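Letter by letter, the chains look like this.
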Amino acid sequence: MYTQALNTSDGDDRHVEDAARSAQFQARIDADERIEPNDWMPAAYRKTLTRQISQHAHSEIVGMLPEGNWITRAPSLRRKAALLAKVQDECGHGLYLYAAAETLGTSREELVDLMLAGKSRYSSIFNYPTLTWADIGAVGWLVDGAAIMNQIPLCRCSYGPYARAMIRVCKEESFHQRQGFEIMVTLSKGSEEQKAMAQSALDRWWWPVLMMFGPPDKASQHSDTSTKWKIKRFSNDELRQKFVDATVPQAKFLGLTIPDPGMKKNADGNWEYSAIDWEEFNQVLAGNGPCNRDRLAARRKAHDDGAWVREAARAYAEKRENRKAMAKAAE
Amino acid sequence: MATPNTPLWEVFIRSRNGLAHKHVGSLHASDTTLALQAARDIYTRRGEGLSIWVVPSNAITASDPSEKGMVFEPAESKIYRHPTFYDVPDEVGHM
């Protein structure tokens, strides 16, 4: 569910390309044709998408950790079953996305290894901890809400396999935000302590969620090419504004206060928010968020602990293949 | 150490409404049994279907996208293959 800031370039990837083919390619994009895996594409398009889709996939997988943290402590069976289903969905979303990324020519194993080596990013939002049960409500309501804003336009992205994966993801995602909001409704109508817990979760998640949309437009130079290639259909600031405008009335319904006292509605009916602390964002991206080390360590441990399973499955498949070959030879 | 690759499979599912198996995506698994089990877990969490096929991705032969003009042109130039090509007098009604 979670793309964010994945359109930030990590260097110059504008290669010199065959001009005629590039022009043909751009004409196909302009005509709203979908690009498919075996079609010719500029190397920079391939590289940008491999980075964006794989980072999106990593985000789904790492995103299982903060929520998985509360499965065994969910307050009721109903909540537990829903949270378990949601975390399973995130795993499925990660797998759809890895499959889409692989069609660009890099194997899932390589992509995962890059993430485990700390060379490929995932969404910075998952480097924040889920301290109380209310955080599970806030994550569903706000983090999934922000992710949906980002992902709906991606269903029309120019790269076919990515767009198709996003359609599936968006279809499944709609229950995630609702289950989060339901938790928030219950808490905010509960005891004083429960209400305080909901407010504290909103206080802690609000700003990191606004950062999920990525750097402000004037600082995001990579957006231009992504827009030209129709990977990105709305700018970071446009999506952020849409999210804020949708969320303010929801917070009001809950009787909770958005931790931005300077917020006001402008003449166009948009909610203007205060300046975002981009230094915090940069610090989290640089690996200095509250949970960066824990998240990577947990992923590495899961990968290492699963090594014998992968090995055994491979050995078993080989053994069966050999037996089949021997039986055939004996005929 | 680099993680060794696990074979890739394409997944096809036949939905409840009796339509043909339809491609839904791909997955990695070391053999057919695990591929079927993974396909159930990944692609049928919400009652999407009643039957699953898994096919090794490398067993699929695909048409060449650079030849699609030539391959599909014959179908585009034969408008008389469509019912709308033929005139039926209004008095006859629906046919």
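Scope of this entry: the structure provided in the associated data block. (Residues numbered from 1 in each chain as written. Chains lettered and ligands numbered in written order. Predicted model: local features only at pLDDT ≥ 70, side-chain atom pairs only at ≥ 80, totals over all residues. Heavy atoms only, no water.)

## Notes on the overall build of chain A
Here is step 1 of the chain: Across its full length, chain A holds 13 helices and two strands.
Here is step 2 of the chain: Compactness check: chain A gives a C-alpha radius of gyration of 22 Å against a globular reference of 20 Å for 331 residues, within 12% of the reference.
Here is step 3 of the chain: Its C-alpha atoms put chain A at 75 × 50 × 35 Å along the principal axes.
Here is step 4 of the chain: When contacts within chain A are restricted to residue pairs at least 6 apart in sequence, those whose partners lie at least 24 apart make up 81%.
Here is step 5 of the chain: Only carbon and sulfur atoms are counted for the fraction: they give 55% of the accessible area of chain A, which is about 15,400 Å².
Here is step 6 of the chain: Across chain A, the mean location of the 45 positive side-chain charges is 4 Å away from that of the 44 negative side-chain charges. (Helix = DSSP H or I, 4+ residues; strand = E, 2+ residues; numbered from the N terminus. Rg over C-alpha atoms; globule rule 2.2 N^0.38 Å. Contact = heavy atoms within 4.5 Å. Areas by Shrake-Rupley, 256 points an atom, 1.4 Å probe, with all protein chains shown as cover. Lys, Arg positive; Asp, Glu negative; His and termini not counted. Charge placed at Lys NZ, Arg CZ, Asp CG, Glu CD.)

## Focus on the nonpolar core
Here is step 1 of the chain: Of all hydrophobic cores here, the largest spans 88 residues; its most connected members are Tyr45(A), Tyr159(A), Trp205(A) and Leu27(B).
Here is step 2 of the chain: Considering each element in turn, this core owes the most residues, 10 residues, to helix H6 (residues 133-154) of chain A.
Here is step 3 of the chain: Beyond its immediate chain neighbours, meaning those up to four positions away, Leu27(B) contacts Pro7(B), Leu8(B), Trp9(B), Val11(B), Ala35(B), Ala38(B), Ala39(B), Ile42(B) and Tyr43(B). (Core = buried A, V, L, I, M, F, W, Y, C linked by side-chain atoms within 4.5 Å. Buried < 20%, exposed > 50% of the residue type's maximum accessible area, 1.4 Å probe, protein only.)

## Overview of the packing of aromatic side chains
Residues and elements named next belong to chain A.
Here is step 1 of the chain: All told, the structure shown has 14 aromatic pairs over all chains when counted by the stated rule.
Here is step 2 of the chain: Note on Phe213 and Phe243: the rings are 5.5 Å apart at their centroids and 45 degrees apart in plane angle, and the pair reads as tilted. Taken together, the residues Phe213 in the loop between helix H8 (192-211) and helix H9 (223-228) and Phe243 in helix H10 (residues 236-254) connect sequence positions 30 residues apart.
Here is step 3 of the chain: Taking NZ or CZ as reference, Arg73 lies 3.9 Å from the ring centre of Trp70, over its face. (Phe/Tyr/Trp six-rings, centres within 6.5 Å; stacked < 30°, edge-to-face > 60°. Lys NZ or Arg CZ within 6 Å of the ring centre and 35° of its normal.)

## Some remarks on the interface of chain B and chain A
Here is step 1 of the chain: Chain B puts 21 residues into the contact, and the matching count from chain A is 25 residues.
Here is step 2 of the chain: Across the chain B/chain A interface, buried area totals approximately 1,900 Å², and carbon plus sulfur atoms make up 45% of it.
Here is step 3 of the chain: Along the contact surface separating chain B from chain A lie five salt bridges.
Here is step 4 of the chain: One salt bridge in this structure joins Arg45(B) and Asp89(A), with 2.8 Å as the shortest N-O distance.
Here is step 5 of the chain: The tally of links between chain B and chain A comes to nine residue pairs in polar contact (both at pLDDT 80 or more).
Here is step 6 of the chain: At the level of secondary structure, the elements contributing two or more residues to the side of chain B that touches chain A comprise strand E2 (22-28) and helix H1 (32-43) of chain B. (Buried area = accessible area lost by both parts, 1.4 Å probe. Salt bridge = Lys/Arg side-chain N within 4 Å of Asp/Glu carboxyl O. Polar contact = N/O pair within 3.5 Å; in protein donor to acceptor, adjacent residues only side chain to side chain.)

## With respect to the sheet that holds strand E3 (residues 51-56) of chain B
All names here are of chain B.
Here is step 1 of the chain: Ordered in space as E2-E1-E3, the three strands form an open sheet in which the pairing is antiparallel. Each having just a single partner strand, E2 and E3 make up the two edges of the open sheet. Neighbouring strand axes in the sheet, compared pairwise and without regard to direction, differ in orientation by 30 degrees on average.
Here is step 2 of the chain: Each of strand E1 (8-14), E2 and E3 is contacted by H1, which is oriented at about 115 degrees to E2, the strand it contacts most. (Pairing = 2+ DSSP bridges. Axes fitted to C-alpha atoms, helices over the stretch in contact; angles between N-to-C directions.)

## Here's the deal with unusual backbone geometry
Residue and element names in this part refer to chain A.
Here is step 1 of the chain: Of note, Asp32 is a non-glycine position whose phi angle comes to about 60 degrees, a positive value.
Here is step 2 of the chain: Here Lys230, not a glycine, exhibits a phi torsion of approximately 55 degrees, which is positive.
Here is step 3 of the chain: With respect to the element layout, Lys230 can be found in the loop between H9 and H10.
Here is step 4 of the chain: We classify Lys230 as buried; its relative accessible area is 18%.

## Some points on a nonpolar patch on the surface
All names here are of chain B.
Here is step 1 of the chain: Together, Ile79, Tyr80, Phe85 and Tyr86 line one region of the surface with nonpolar side chains, adding up to about 440 Å² of accessible area.
Here is step 2 of the chain: For Tyr80, the location among the structural elements is in the segment after helix H2 (68-76).
Here is step 3 of the chain: According to the relative accessible area criterion, Tyr80 is partly exposed, its value standing at 42%. (Patch = residues over 30% accessible without salt bridge, like charges linked within 9 Å, V, L, I, M, F, W, Y side chains within 5 Å.)

## Structural notes on the environment of Pro261(A)
Here is step 1 of the chain: Relative to the helices and strands, Pro261(A) resides in the loop between H10 and strand E1 (264-265).
Here is step 2 of the chain: Residue classification places Pro261(A) among the exposed residues on the basis of a relative accessible area of 85%.

## Structural notes on the packing of H6(A) against H10(A)
Residue and element names in this part refer to chain A.
Here is step 1 of the chain: The geometry of H6 relative to H10 is characterised by a closest axis approach of 10 Å and an angle of 145 degrees between their N-to-C directions. The crossing of H6 and H10 is right-handed. Two secondary-structure elements touch here, H6 through Trp141, Leu142, Gly145, Ala146, Met149, Asn150 and Pro153 and H10 through Leu239, Lys242, Phe243, Ala246, Thr247, Gln250, Ala251 and Leu254.
Here is step 2 of the chain: For the contact of H6 with H10, the residue count by class is 10 nonpolar, four polar and one charged. (Left-handed = near helix turned anticlockwise from the far one by under 90°. Nonpolar A, V, L, I, M, F, W, Y, C, P; charged D, E, K, R; others polar.)

## Things to note about the pattern of salt bridges
Residues and elements named next belong to chain A.
Here is step 1 of the chain: On inspection of all chains with the given rule, the structure shows 21 salt bridges over all chains.
Here is step 2 of the chain: Here Lys86 and Glu90 are joined by a salt bridge, their closest N and O atoms 3.1 Å apart. With Lys86 and Glu90 both in helix H4 (residues 77-102) and four residues apart, this pair spans about one turn of that helix. Each member of the pair Lys86 and Glu90 is classed as buried.
Here is step 3 of the chain: Among the charged side chains, a salt-bridge network with shared partners connects Glu67, Lys86, Glu90 and Asp144.

## Things to note about the environment of Phe12(B)
Residue and element names in this part refer to chain B.
Here is step 1 of the chain: With respect to the secondary-structure elements, Phe12 resides in strand E1.
Here is step 2 of the chain: We classify Phe12 as buried; its relative accessible area is 18%.
Here is step 3 of the chain: Through-space distance from the C-alpha of Phe12 to that of Ala38 is 13 Å; in sequence the pair is 26 residues apart.
Here is step 4 of the chain: Not counting residues up to four positions away in its chain, the partners in contact with Phe12 are His21, Lys22, His23, Ser51, Ile52, Trp53, Val55 and Ile60.

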